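Now for the letters of each chain:
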Amino acid sequence: MRAITMIILHCSATRAGQCYTLEQCRRDHMRRGMQDIGYHYYVTRDGTVHTGRALSQAGAHCRGHNKYSIGVCFEGGLDAMGEAADTRTGAQRKSLRTLLTRLHEQFPDAIILGHRDLSPDTDGNGRITPNEWLKQCPCFDALLDYEDLEPVGLFG
Ligand SMILES: [Zn+2]
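This write-up is about the structure you can find in this document. (Residues numbered from 1 in each chain as written. Predicted model: local features only at pLDDT ≥ 70, side-chain atom pairs only at ≥ 80, totals over all residues. Heavy atoms only, no water.)

Further remarks concern the overall build of the chain. Scanning the chain from N- to C-terminus turns up three helices and seven strands. When the helices and strands of the chain are placed in sequence order, the string is β-β-α-β-β-β-β-α-β-α. Here the chain has a C-alpha radius of gyration of 15 Å; the compact-globule value for 156 residues is 15 Å, and the two agree. In terms of principal-axis extent, the alpha carbons of the chain reach across some 40 × 35 × 30 Å. Counting the 156 residues in the chain, one finds 46% classified as buried. Put simply, of all contacts in the chain between residues at least 6 apart along the chain, 65% involve residues at least 24 apart. Of the roughly 8200 Å² that the chain leaves accessible, carbon and sulfur atoms contribute 52%. Where the 18 positive side-chain charges of the chain centre and where its 19 negative ones centre are 7 Å apart. (Helix = DSSP H or I, 4+ residues; strand = E, 2+ residues; numbered from the N terminus. Rg over C-alpha atoms; globule rule 2.2 N^0.38 Å. Buried < 20%, exposed > 50% of the residue type's maximum accessible area, 1.4 Å probe, protein only. Contact = heavy atoms within 4.5 Å. Areas by Shrake-Rupley, 256 points an atom, 1.4 Å probe, with all protein chains shown as cover. Lys, Arg positive; Asp, Glu negative; His and termini not counted. Charge placed at Lys NZ, Arg CZ, Asp CG, Glu CD.)

Any functional reading would require information that these geometric values do not contain.
Structure, rendered in structure tokens:
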């Protein structure tokens, strides 16, 4: 198994009521030249956790951070107007928590964070603030939502 230091959360950037299946996601990624879907897990609106790449393989979901991370994506992330929004359904929240709890047990030293939290710290103050986000993905505060699943000592 690879060393895992991060579990990075993504959204599919599709609208709240829009269907975007694992197979569509895989096809779109392969059209962009990837060998397979870029994520390790894909959670659809009904709460189903689909398996993408094998955990033993590096994903293709966050440039510069794929080697040591696991990529988890949920279907959604935009509201009806196409604006960034936390569209996770109750079923998705439940499944994400179950999945992340299991991954936290398996990789207790891995930080759970959102794609946007890996944007460059342009003002160098040690925190990634909204004005520094390259994108909004995953459209919710993963560090806050899964604070109880973070490595011991992350927040002092
Ligand atoms: Zn992302």
